[in-house]
Amino acid sequence: MSVARRLTHSTQHNGKPLQFNITAKQDHSVPARLLRLLQSRGALRPGSGLVTGVIGLVLAVLSLLAVLAFHFPEYLTKPEIRRRYDVELLRRVLLGALVLSGSFALLNAVLGRVRWLAGTTFALVLLSAALGGHAVPVDPDFPDHTPYIGLDWLVLDLLGSALLFVFIEKARPLRRQQPVFREAWQTDLTHFAVIHLLVGLLMAVTNGAAHGLVTWVDPDSLQAAVQRLPFPAALLLCVLLADLVQYGVHRSFHEVPWLWRFHAVHHSAKTMDWLAGSRLHLVEVLVTRSLVLAALLMAGFSRGVIDAYVVIVGFHAVLNHANVNLPGRRLGPLRHLIVTPSYHHWHHACEPAALGRNYAAHLPFIDRLFGTQLLGTPPWPERYGVLEDDVPEGFWAQTRHPFRRRKT
Ligand SMILES: [Zn+2]
Ligand SMILES: [Zn+2]
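Residues numbered from 1 in each chain as written. Chains lettered and ligands numbered in written order. Predicted model: local features only at pLDDT ≥ 70, side-chain atom pairs only at ≥ 80, totals over all residues. Heavy atoms only, no water.

(A) Structural detail: the nonpolar core. Residues Cys-238, Leu-296, Leu-297, Phe-301, Val-305, Ile-306 and Tyr-309 are the most contacted members of the largest nonpolar core, which totals 22 residues. Elements represented by at least two residues in this core include exactly helix 10 (199-214), helix 12 (231-255), helix 14 (282-299) and helix 15 (303-321). The contact partners of Cys-238, leaving out residues within four places of it in the chain, are Leu-296, Phe-301, Val-305 and Tyr-309. (Core = buried A, V, L, I, M, F, W, Y, C linked by side-chain atoms within 4.5 Å. Buried < 20%, exposed > 50% of the residue type's maximum accessible area, 1.4 Å probe, protein only. Helix = DSSP H or I, 4+ residues; strand = E, 2+ residues; numbered from the N terminus. Contact = heavy atoms within 4.5 Å.)

(B) Layout of empty space enclosed by the protein. Within this structure, the stated rule accounts for one cavity of 30 Å³ or more. Taken as a whole, the largest cavity holds about 70 Å³ of empty space. Forming the walls of the largest cavity are Glu-169, Lys-170, Pro-173, Arg-175, Arg-176, Gln-178, Pro-179, Val-180, Asp-273 and Asn-323. Here the residues of the lining of the largest cavity sort into three nonpolar, two polar and five charged. (1 Å grid on protein atoms, 1.4 Å probe; cavity = no way out; pocket = protein on both sides within 12 Å on 5 of 7 lines; lining within 4 Å. Points joined across faces, edges and corners; volume = space filled by probe spheres on them. Nonpolar A, V, L, I, M, F, W, Y, C, P; charged D, E, K, R; others polar.)

(C) Expanded view of the coordination of the zinc ion (ligand 1). The protein atoms that coordinate the zinc ion (ligand 1) are His-250 (NE2), His-254 (NE2), His-263 (NE2), His-267 (NE2) and His-347 (NE2), at distances spanning 2.0 to 2.1 Å. Of note, the donors binding the zinc ion (ligand 1) are all from one chain and are spaced H-x3-H-x8-H-x3-H-x79-H. A separation of 5.9 Å is found between the zinc ion (ligand 1) and the zinc ion (ligand 2). Residue His-250 is located in helix 12, and its partner His-347 is located in helix 16 (residues 341-347); the two are separated by 97 residues in the primary sequence. The exposure classification of His-250 matches that of His-347, with both residues buried. (Donors = N, O, S within 2.8 Å, 3.2 Å for Na, K, Ca; no water.)

(D) Main features of the pattern of salt bridges. All told, the structure shown has eleven salt bridges when counted by the stated rule. Across the pair Arg-182 and Asp-188 runs a salt bridge, and its minimum N-O distance is 2.8 Å. With relative accessibility at 1%, the residue Arg-182 sits in the buried group. The salt bridge involving Arg-182 is made with Asp-273; its shortest N-O contact spans 2.7 Å. Of the two residues, Arg-182 is situated in the loop between helix 8 (151-171) and helix 9 (185-197) and Asp-273 in the loop between helix 13 (257-267) and helix 14; the sequence distance between them amounts to 91 residues. Here the two residues Arg-182 and Asp-273 agree in accessibility, since each one is buried. Counted as one network, the salt bridges with shared partners bring together Arg-182, Asp-188, Asp-273, Arg-279 and Glu-393. (Salt bridge = Lys/Arg side-chain N within 4 Å of Asp/Glu carboxyl O.)

(E) View of the environment of Ala-135. Its place among the elements puts Ala-135 in the loop between helix 7 (115-130) and helix 8. With 41 residues separating them along the chain, Ala-135 and Leu-94 place their C-alpha atoms 9.5 Å apart.

(F) Expanded view of unusual backbone geometry. The phi dihedral of Ala-184 is positive, around 65 degrees, even though this residue is not glycine. Position of Ala-184 among the secondary structure elements: in the loop between helix 8 and helix 9. Phi is positive for Asn-358, close to 55 degrees, though the residue is something other than glycine. Following the sequence through the fold, Asn-358 ends up in the loop between helix 16 and helix 17 (365-370). What makes Asn-358 buried here is its relative accessible area of 0%.

Any functional reading would require information that these geometric values do not contain.
Here it is, written out as structure tokens:
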């Protein structure tokens, strides 16, 4: 049996259409139906109205959150990004999302498909419009140093990443039958949301820890040399240093038993796609980001170089988990230079030969250097997850998992 065929078989259980399991005794109220929709998984049946219904609902929810962010920018937006974006462009995007969402709802209502979903979506669109929609005025003098949650960051990154990566995954799928709403999508979406909403707190703790570590050393001469480098050279060096530190931290999370309890959360994903990379314990996020940032600050990289690295790592980390058929072999010699989805999928493989392999996030030669490289054959593993399979499903259960007493 070919590898492609085996892969299809191994994920076939994900290919079921969304089922509401409606029985005579089931609650048909809208909240109960919404709850069942949120708990469902599988492919959305074409022609049932679910594709347009779900896209419309997602756009309506994101639009409502965006309207709230316009109302309370001091508490619901991230200062570092709100200073940069084009507010007029965002208002047009919000208007477009509201019109599209409302149109899908109207279409489904007229065609008599999933009317309860269309009604809910339309109600959310009307609520957004009643709250001012895309035209909510923003006081230019709102206070700048208030505690906040990154609601704008969540809405923008979720919309942008979903559009980009769902497109890439549909254009070049690795597992064609794996649906967008695959097994455990709820857990990973919750991890994604929490990491984005807590961005301010995570940044404050990371910056504090990193600057605290930097005060231990006095690397003035090194910093001066790094700051004289041209931008492209500095960025390359920054990626190299960050990946070396990330390698050490990542390997420690695998090899130190109590640290593994945190990192096992990331490895518990049994389905790989763009969202699976968000499954990270907050302690691991804080430790890894703090140590990498401390190293970059010690080396003296400028804010511009570090910001560019953050964009690269954000994109590359998501791509490496994606359900996209980009095996290293097709890239020829480039596969030795840059980590590919195939390379990182093998890091997640649930088989003994792959344990403790492919720690690098960007540069595979680091694994080669330390003897931990596995150039997988076949190019993709069949199964993902933790060998012991002892990590529970769900965000809260996974957050508590490392602190639980182990059964003996
Ligand atoms: Zn790992
Ligand atoms: Zn990973």
